[in-house]
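Take a look at the letters that make up each chain.
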Amino acid sequence: MDTNISGDSSPTRPKWRKVAYGGMQPGFDDNHTDETFLEDMVMNANVVKRNILKVMQDSVSISQYLCIVSLVVLVWTYTLRSTLNENSLLLLDISLLGSGFLILLLTEEMLSLNLLLHYVLNVSFFTTGLYVLAPIYQTLTRSISSDSIWAVTVSLLLLHLFLHDYSGSTIRAPGALKNPNLTSCISLNASIVASVFIASRLPSRLHVFAIMLFSLQVFLFAPLVTYCIKKYSFRLHLLFSFGLMAVTLAFVYSLHCLLFVLLVGMLVFVNVVCPYWLIRIQEYKFEINGPWDEAKLCFDITD
Amino acid sequence: MADLKHRILMVSDFFYPNFGGVENHIYYLSQCLLKLGHKVVVLTHAYGNRSGVRYMTGGLKVYYVPWQPFLMQNTLPTFYGTFPIIRTILLREKVSLVHGHQAFSTLCHEALMHARTMGYKVVFTDHSLYGFADVGSIHMNKVLQFTLADVTRAICVSHTSKENTVLRSGLPPGKVFVIPNAVDTAMFKPAPERLGHNEIVIVVISRLVYRKGADLLVEVIPEVCRLYPNVRFIVGGDGPKRVRLEEMREKHSLQDRVEMLGAVPHASVRSVLISGHIFLNSSLTEAFCIAILEAASCGLLTVSTRVGGVPEVLPDDMIVLAEPDPHDMVRAIKNAISILPKIDPQVMHDRMKGLYNWNDVAKRTEIVYNRALKCSDQSLLERLSRYLSCGAWAGKLFCLVMIIDFLLWRLLELWQPAKDIEEVPDVVLPCDQDGEKIIQKIYNQVDH
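Residues numbered from 1 in each chain as written. Chains lettered and ligands numbered in written order. Predicted model: local features only at pLDDT ≥ 70, side-chain atom pairs only at ≥ 80, totals over all residues. Heavy atoms only, no water.

The name an unreviewed UniProt entry gives chain B is phosphatidylinositol N-acetylglucosaminyltransferase, with Durio zibethinus as the organism. UniProt annotates chain B under Pathway (unreviewed entry) with the comment "Glycolipid biosynthesis; glycosylphosphatidylinositol-anchor biosynthesis." (UniProt positions renumbered as here; feature names shortened; annotations may be inferred.)

Identification of chain A as Phosphatidylinositol N-acetylglucosaminyltransferase subunit C from Durio zibethinus is taken from an unreviewed UniProt entry. The Sequence similarities (unreviewed entry) field of the UniProt record for chain A holds the comment "Belongs to the PIGC family." Within the UniProt record for chain A, the comment given under Pathway (unreviewed entry) is "Glycolipid biosynthesis; glycosylphosphatidylinositol-anchor biosynthesis."

Now the structure itself:
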């Protein structure tokens, strides 16, 4: 009943059609492979062409956060060596808190007294809680040897860096739409546990309070602050990042030469080698699309 | 009857009492092959307390291997756990060819691997489409590549499915045959008298899940109801998205115009189909859509999304295709309603009889079997080299798996030599219907 359609195109042999009905097509085996085979296949349709400069600029966020964590570790080291006393630590805490608030206020578009009050209230609750808990932290890991503490802290920090959400901030500004995902929560918790371990090696209650406040401030709010800066102006973000890198490198150099080399190598790897690598392996990208793909819905599903 | 008679073992995790396209395909294909004089044995895993040997219509012997499924009717992949029992069945039934079905079935993959190790010719039928993007499909494609690296011939259910399988497995396209599903037109007859056209009924029968496009239905149904006050919907099927459809019905106050039937057993699909004029399929991916065939056989005009193998399934004047987008689907339904008066269900049914037939499918499959058996035997080394070319790491892994399988086979040969395994006597069935019934009775008595 459908053979009459194909009869006139070539008198000797009917044309092969890409249809499944009507039984075996006369003159063609079931394993016939037509020249139209795979003609609907599309390769690398959705591949984004990346620019090396753009990738390098984006990777600055990662090295910036690396520097922030290195600075925290530096403060920990100086405190453990008693180079920094509790008063200077507290001063550092207050100045950090103040500058953080200032940056938030300056970069946030909707400046309101209500929001500020909300923040201040929360931070005061937080500080009080920390002060009350400080004695517990101080004696928490007394029965564990210091070697284990260093080893666990280092691995927790590595875990933190590995799982950290570099594109945004785990602590969101109020009213943010997306919830943080599981990996960034794990990362945040790893950093907090690391700070508790370090704090438990300190001599006095005030030390513990000061160092905990410092670590929590940095780990919780530094991503938020840097995110706000980045959103406000990319140029400022780059400037801030390079400044931070210079300061960190200077401090690390004064601490230990090998660590300095390691950090420089790390920064070069993140900022230069990795972007170049990413661009190089782009040419091996092989993405196949075709009629067999599951269709994408063009509207949002709200469950 | 001078030509070769085959002794075929069909393997899949999916068989009755479970229900779906693959199960249907294996059952009808087996029945028609039996009618052609071949011997067919089906191998599947135990369903609940249904384990052991059962006989179905026409003396179709089914082995329910006592191997419990663990996820979505699939057996736990153990690689070698099923080897002893599969070997025994292959030897007992004097099988000449193994035919596996469905890429998701672990039992099928394992059986094909063991059969190849023992030197049997194997044929594989792929019933589904798979993308290339996510982790799940990358894994599945690797498994498929492993099985298909050494398969003698492969069958796909549509040309799109063939393209997909060739890309996924790297098989030469000449080894892949396209043999579609069919429909039992005797079971899906149109309604005895034609329905009136005062009220137009659109039928949807599918599992209400994301892949079947239940979310498209949520957008399309209210729009069509708004445009045509004389249209009514009947939705058969159950699934996680049923709640969304029911919400939509509440929101647009369409309780009297959208009927939700819940899950429809296959036996009553026809009675639902014949109460409608138009069949709506909203799948987002489909290798071949049997539901469309069933609807067309019942004389319904089909509106479907243009995905996968669907455009190949019916001639253009029996189906209205639309992009998987609510606006285009509404346009297609409008179009279908406008050509509806020209459609005669009985004519449609008679055309379907000519287009699809399980006997035709069986004959075409028989050709594939003949071709597969004509292939030359290959030594282990030749086969290993083919596995090695599957990938830098995967190739070596595949080789290792096959070498262990080969050693296991030699071990089994020592432990239980092939000549000690009792062979099953053949029962020659007379071809007419009554004879089948008598033999079946005898079988049942033997079984109990």
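Engineer: Where do I start with the overall build of chain A in this structure?
Structural biologist: Tallying secondary structure elements over chain A gives nine helices and two strands in all. Helices and strands in chain A line up, N terminus first, as α-β-α-α-α-α-α-α-α-α-β. In chain A, once contacts between residues fewer than 6 apart in sequence are set aside, the share between residues at least 24 apart is 75%. (Helix = DSSP H or I, 4+ residues; strand = E, 2+ residues; numbered from the N terminus. Contact = heavy atoms within 4.5 Å.)

Engineer: Sorry, what's going on with the environment of B:Phe124 here?
Structural biologist: Within the secondary structure, B:Phe124 sits in strand S8 (residues 121-126). Residues B:Phe124 and B:Arg50 lie 74 residues apart in sequence; the distance between their C-alpha atoms is 26 Å.

Engineer: Which parts of the structure should I look at to understand the sheet that holds strand S2 (residues 39-45) of chain B?
Structural biologist: The pairing of strands in a sheet comes from backbone hydrogen bonds and takes either a parallel or an antiparallel form. Residue and element names in this part refer to chain B. The mixed open sheet is built from eight strands, whose spatial order is S3-S4-S2-S1-S7-S8-S9-S10. Among the strands making up the open sheet, the edge pair consists of strand S3 (52-56) and strand S10 (176-178). On average, each strand axis in the sheet is tilted by 25° relative to the strand beside it, whichever way the strands run. Sheet topology places S8 next to strand S9 (residues 153-156); four bridges connect them, and they run parallel. When the bridges of S9 are listed, Val123 appears paired with Arg153. Taken strand by strand, helix H1 (residues 21-35) contacts strand S1 (7-11), S2, S3, strand S4 (60-65) and strand S7 (97-101), and its axis lies near 160° from that of S2. (Pairing = 2+ DSSP bridges. Axes fitted to C-alpha atoms, helices over the stretch in contact; angles between N-to-C directions.)

Engineer: Any chance you could explain the interface of chain A and chain B here in plain terms?
Structural biologist: Size of an interface, as often reported, equals the accessible area lost when the parts are brought together. Contact with chain A, which involves 33 residues of that partner, is made by 44 residues of chain B. For the pair chain A and chain B, the number of links is four salt bridges. With a closest N to O distance of 2.7 Å, B:Arg371 and A:Asp29 form a salt bridge. At the surface where chain A touches chain B, the tally comes to 14 residue pairs in polar contact (both at pLDDT 80 or more). (Salt bridge = Lys/Arg side-chain N within 4 Å of Asp/Glu carboxyl O. Polar contact = N/O pair within 3.5 Å; in protein donor to acceptor, adjacent residues only side chain to side chain.)

Engineer: Would you mind going over helix H15 (residues 392-415) of chain B with me for this structure?
Structural biologist: Residues spaced three or four apart along an α-helix face the same direction, because each turn holds 3.6 residues. Residue and element names in this part refer to chain B. Taking 1.5 Å as the rise per residue, H15 with 24 residues should run 34 Å; its terminal C-alpha atoms sit 35 Å apart, in good agreement. Within the sequence span of H15, burial applies to Ala394, Gly395, Phe398, Cys399, Val401, Met402, Asp405, Trp409 and Leu412. Close packing links the buried residues of H15 with helix H2 (83-92), helix H3 (106-117), helix H4 (135-148) and helix H14 (380-388). (Expected span 1.5 Å × (residues − 1). Buried < 20%, exposed > 50% of the residue type's maximum accessible area, 1.4 Å probe, protein only.)

Engineer: For this particular structure, what's the right way to read the sheet that holds strand S13 (residues 258-262) of chain B?
Structural biologist: Residue and element names in this part refer to chain B. An order of S13-S12-S11-S14-S15-S16 is seen for the six strands of this open sheet, with the pairing classed as parallel. Each having just a single partner strand, S13 and strand S16 (319-322) make up the two edges of the open sheet. Sheet twist, expressed as the mean angle between neighbouring strand axes with direction ignored, is 20°. Note that strand S12 (residues 231-236) and S13 share four bridges and pair parallel. Considered in S13, the bridge of Ile234 is made with Glu259. Lying over the sheet, helix H9 (residues 290-297) contacts strand S14 (278-281), strand S15 (301-305) and S16, oriented at roughly 175° with respect to S14.

Engineer: Teacher, can you tell me more about the packing of aromatic side chains here?
Structural biologist: Two measures describe an aromatic ring pair: the distance that separates the ring centres and the angle between the ring planes. Residue and element names in this part refer to chain B. As enumerated under the stated definition, the model contains 16 aromatic pairs over all chains in all. With a centroid separation of 5.2 Å and 10° between ring planes, the pair formed by Tyr28 and Trp358 is classed as stacked. Within this pair, whereas Tyr28 is found in helix H1, its partner Trp358 is found in helix H13 (residues 358-374), the two being separated by 330 residues in sequence. Trp358 matches Tyr28 in its accessibility class, with the two residues each being buried. Between Phe146 and Phe398, the ring centres sit 4.7 Å apart and the planes meet at 50°, which makes this aromatic pair tilted. One end of the pair, Phe146, is in helix H4; the other, Phe398, is in helix H15, with 252 residues separating them in the sequence. What makes Phe146 buried here is its relative accessible area of 10%. Taking the relative accessible area as the measure of exposure, Phe398 reaches 9% and is therefore buried. (Phe/Tyr/Trp six-rings, centres within 6.5 Å; stacked < 30°, edge-to-face > 60°.)

Engineer: Looking at this structure, I do not really get the pairing of S4(B). What am I missing?
Structural biologist: The side chains of a regular strand alternate, residue by residue, between the two faces of the sheet. All names here are of chain B. Buried residues dominate S4, accounting for six of its six residues. Bridging between S2 and S4 involves five bridges; their strand directions are parallel. Its bridge partner lying in S4, His45 is registered against Val65. Sheet analysis places S3 next to S4, joined by five bridges and oriented antiparallel. Looking at the pairing, Tyr55 lines up with Lys61 of S4. The turn joining S3 and S4, which pair antiparallel and follow one another in sequence, is formed by three residues; a positive phi near 75° is taken by Gly58.

Engineer: How should I be thinking about the domain arrangement of chain B in this particular structure?
Structural biologist: All names here are of chain B. As far as domains go, chain B holds domain 1 (7-182 + 359-420) and domain 2 (200-355). Of note, the centres of domain 1 and domain 2, computed from C-alpha atoms alone, are 34 Å apart. Domain 1 puts 14 residues into the contact, and the matching count from domain 2 is twelve residues. For the pair domain 1 and domain 2, the summed buried area comes to about 960 Å², and 63% of that belongs to carbon and sulfur atoms. Our count for the domain 1 to domain 2 interface comes out at four residue pairs in polar contact (both at pLDDT 80 or more). (Domains from an automatic or database assignment. Buried area = accessible area lost by both parts, 1.4 Å probe.)

Engineer: Looking at this structure, how should I read the UniProt feature "transmembrane region" (unreviewed entry) in chain A?
Structural biologist: All names here are of chain A. On the UniProt side, "transmembrane region" (unreviewed entry) is annotated at positions that read residues 59-78, 90-107, 119-137, 149-168, 180-200, 206-229, 236-253 and 259-279 here. With 100% helix and 0% strand, residues 90-107 has its two end C-alpha atoms placed 26 Å apart. Structurally, residues 259-279 comprises 100% helix and 0% strand, and the distance from its first C-alpha atom to its last is 29 Å.

Engineer: For this particular structure, what's the right way to read a nonpolar patch on the surface?
Structural biologist: There is a patch of nonpolar side chains on the surface, built from A:Val268, A:Phe269, A:Val272, A:Val273, A:Trp277, A:Ile281 and A:Tyr284 and spanning about 690 Å² of accessible area. For A:Val272, the location among the structural elements is in helix H9 (residues 257-281). (Patch = residues over 30% accessible without salt bridge, like charges linked within 9 Å, V, L, I, M, F, W, Y side chains within 5 Å. Areas by Shrake-Rupley, 256 points an atom, 1.4 Å probe, with all protein chains shown as cover.)

Engineer: I would appreciate a short explanation of the pairing of S2(B) in the present structure.
Structural biologist: Residues and elements named next belong to chain B. For S2, the buried fraction is high: seven of the seven residues fall into the buried class. Here S2 shows two buried faces, one formed by Lys39, Val41, Leu43 and His45 and the other by Val40, Val42 and Thr44. For the crossover from S1 across H1 to S2, the handedness is right-handed. (Right-handed = clockwise from strand over helix to strand, strands pointing away.)

Engineer: Where do I start with the UniProt feature "domain: PIGA GPI anchor biosynthesis" (unreviewed entry) in chain B in this structure?
Structural biologist: Summarizing the sequence annotation, UniProt attributes the feature "domain: PIGA GPI anchor biosynthesis" (unreviewed entry) to residues 45-134 of chain B in the numbering used throughout. Each end of residues 45-134 of chain B is marked by a C-alpha atom, and these two atoms are 29 Å apart; helix forms 24% of the span and strand 31%.

Engineer: So what exactly am I meant to see when it comes to the side chain of B:Arg168 here?
Structural biologist: All names here are of chain B. By the secondary structure assignment, Arg168 is in helix H5 (residues 159-169). We classify Arg168 as buried; its relative accessible area is 5%. A distance of 3.2 Å separates polar atoms of two side chains, one belonging to Arg168 and the other to Asp126. Ignoring any residue separated from it by four or fewer positions in sequence, one finds Arg168 in contact with Ala103, Asp126, Ser128, Leu129, Tyr130, Phe132, Asn141, Leu144 and Gln145.

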